[in-house]
Amino acid sequence: MDKLFDRLQMLEDRYEELGELLSDPDVIADTQRFTKLSKEMADLRETVEKYNQYKKVTQQIKDDEEMLNAGLDDEEMASMVKDELADSKAEKEKLEEEIKILLIPKDPNDEKNIIMEIRGAAGGDEASLFAADLYNMYTRYAEKQGWSVQIVDKTPTEVGGFKQVVLLINGKNVYSKLKYESGAHRVQRVPVTESAGRVHTSTATVGVMPEEEDVEIEIDPKDIRVDVFRSSGAGGQHINKTSSAVRMTHLPTGIVVSMQDQRSQQQNREKAMQILKARVYDYYKTQEQSEYDENRKSAIGTGDRSERIRTYNYPQNRVTDHRIGLTLNKLDKIMNGDLDDIIDALVLYDQTKALEKLQNE
């Protein structure tokens, strides 16, 4: 813990420095710098407050132990001090755990909205139906969290599923909860098209990317090829007669985004660029992480869509997350959006691994 407390003292010193800077007239006059420093101070506030509580309770423990060691003639007073000492030690342990969690480096994307892509993979029609089931699961979970969900692109199938569906999910700390969902999701069940009643295995993939509005990566317009074409599918004469659909190709990476769900070409262009930025950012970020120390892989997974992360077994009403060995026998509730048990377990596992790394540094 000594290393952690050295870090805490540095954070407290920085917090006090920020307080002085934010009262400086030159800083106040610089709106951008003032906003940046205010956010940094707000981010440190809870950690510093917990550290101050920890120092107070540690001092209280020291004082009580000195009183007891010195000997108290009054038995009632001695009993009160012992009770206080026990409470203080319990509070100290609780504060230590809370402080450890606060010291874990924060993912800068945790507070962001997300773009989620769900695609039917292996299994034909059954895979597209499972993609639709995942869409419904995440939509219901989002509703329980008070988030909003917007479909920005979709390719439905004739059987009522999705070849692919792209969602924009807005709300508080969306990425922090759903970032663990990237990967291949496997379903085991009897398809509605199966007359013999045999269990089939199909897959759908999920990709989760933070929405990048003020994206740090600059995309050179020369690196983008834009094609316009007529939208297909339901929508009447407007869609059939107007070249409102947009396809954007990022030439250096080969990433392609097609958008035809909006009413006008301009709206499709804006949505396509929004998703293209997120995909390109995610592409380079994943490369950097892989080259750095395989950080995601050592924790919960690479986030690669080819990596099987979870199995949904309908005959046994069972869900298994293969990354952490978690099995829950309540598939029906999970498909209805009750994802808290899975997500909380993934967050805890990630925090535990991050703490181990922090303490070993």
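Residues numbered from 1 in each chain as written. Predicted model: local features only at pLDDT ≥ 70, side-chain atom pairs only at ≥ 80, totals over all residues. Heavy atoms only, no water.

- The name an unreviewed UniProt entry gives the protein chain is Peptide chain release factor 1, with Ligilactobacillus aviarius as the organism.
- What the UniProt record of the protein chain gives under Subcellular location (unreviewed entry) is the line "Cytoplasm". (UniProt positions renumbered as here; feature names shortened; annotations may be inferred.)

## Observations concerning the sheet that holds strand S9 (residues 308–313)
Now for step 1: Spatial ordering of the open sheet is given by S2-S3-S1-S5-S4-S9-S10-S11, a layout of eight strands whose pairing is mixed. Looking at the sheet topology across the chains shown, the edges are occupied by strand S2 (148–156) and strand S11 (326–328). Across the sheet, the axes of successive neighbouring strands diverge by a mean angle of 15 degrees, strand direction being ignored. (Pairing = 2+ DSSP bridges. Helix = DSSP H or I, 4+ residues; strand = E, 2+ residues; numbered from the N terminus. Axes fitted to C-alpha atoms, helices over the stretch in contact; angles between N-to-C directions.)

## A few points about the packing of helix H3 (residues 31–70) against helix H4 (residues 75–103)
Now for step 1: For the pair H3 and H4, the least separation of the axes is 9 Å and the interaxial angle reads 155 degrees. In this view, H3 runs roughly antiparallel relative to H4, as classed from their interaxial angle. H3 and H4 meet at a crossing whose hand is left-handed.
Now for step 2: Residue composition of the contact of H3 with H4, grouped by class: 13 nonpolar, five polar and eleven charged. (Parallel < 35°, antiparallel > 145°, perpendicular 65-115°, else oblique. Left-handed = near helix turned anticlockwise from the far one by under 90°. Nonpolar A, V, L, I, M, F, W, Y, C, P; charged D, E, K, R; others polar.)

## Here we look at the sheet that holds strand S6 (residues 224–229)
Pairing between sheet strands relies on hydrogen bonds along the backbone, with the strands arranged either parallel or antiparallel.
Now for step 1: Pairing within the open sheet is antiparallel, and its three strands lie in the order S6-S7-S8. Two strands close off the open sheet at either side, each with one partner strand: S6 and strand S8 (255–259). The mean inter-strand angle of the sheet, taken between neighbouring strand axes irrespective of direction, is 15 degrees.
Now for step 2: With six bridges connecting them, S6 and strand S7 (residues 245–250) associate as antiparallel partners. Each bridged residue has a counterpart across the sheet, and for aspartate 227 the counterpart in S7 is arginine 247.

## Re the nonpolar core
Now for step 1: Membership of the largest hydrophobic core comes to 35 residues, with the highest contact counts inside it found for Met116, Ile118, Leu134, Tyr138, Leu178 and Tyr312.
Now for step 2: For this core, the element with the highest residue contribution is helix H5 (residues 125–145), accounting for nine residues.
Now for step 3: Not counting residues up to four positions away in its chain, the partners in contact with methionine 116 are Tyr138, Val165, Val166, Leu167, Leu178, Val206, Gly207 and Val208.
Now for step 4: The next biggest cluster of nonpolar side chains, apart from the first, holds 17 residues, and it includes Ile115, Val166, Ile255 and Ala272. (Core = buried A, V, L, I, M, F, W, Y, C linked by side-chain atoms within 4.5 Å. Buried < 20%, exposed > 50% of the residue type's maximum accessible area, 1.4 Å probe, protein only. Contact = heavy atoms within 4.5 Å.)

## What to know about the side chain of glutamine 188
Now for step 1: Mapped onto the elements of the fold, glutamine 188 is located in strand S4 (residues 183–189).
Now for step 2: Overall, the relative accessible area of 16% leaves glutamine 188 in the buried class.
Now for step 3: Apart from residues no more than four positions distant in its own chain, glutamine 188 is found in contact with Val199, His200, Thr201, Thr311, Tyr312, Asn313, Tyr314 and Pro315.

## Section: the packing of aromatic side chains
Now for step 1: For the structure on display, the rule yields three aromatic pairs.
Now for step 2: With a centroid separation of 5.3 Å and an interplanar angle of 70 degrees, the aromatic rings of phenylalanine 130 and tyrosine 312 are classed as edge-to-face. You can see phenylalanine 130 sitting in helix H5 and its partner tyrosine 312 sitting in strand S9, a full 182 residues away along the chain. Residues phenylalanine 130 and tyrosine 312 agree in their burial class; the two are buried.
Now for step 3: When the centroid spacing of 5.5 Å and the interplanar angle of 80 degrees are considered together, the rings of tyrosine 135 and phenylalanine 162 count as edge-to-face. (Phe/Tyr/Trp six-rings, centres within 6.5 Å; stacked < 30°, edge-to-face > 60°.)

## Considerations on unusual backbone geometry
Across the chain, the bulk of peptide bonds are trans and the bulk of non-glycine residues have phi less than zero.
Now for step 1: Although it is not a glycine, asparagine 173 adopts a positive phi angle of roughly 55 degrees.
Now for step 2: Examined against the element boundaries, asparagine 173 turns out to sit in the loop between strand S3 (162–170) and helix H6 (174–178).
Now for step 3: A relative accessible area of 28% means that asparagine 173 is categorised as partly exposed.
Now for step 4: Phi is positive for asparagine 317, which is not a glycine, with a value near 50 degrees.
Now for step 5: Residue position: asparagine 317 is located in the loop between S9 and strand S10 (318–321).

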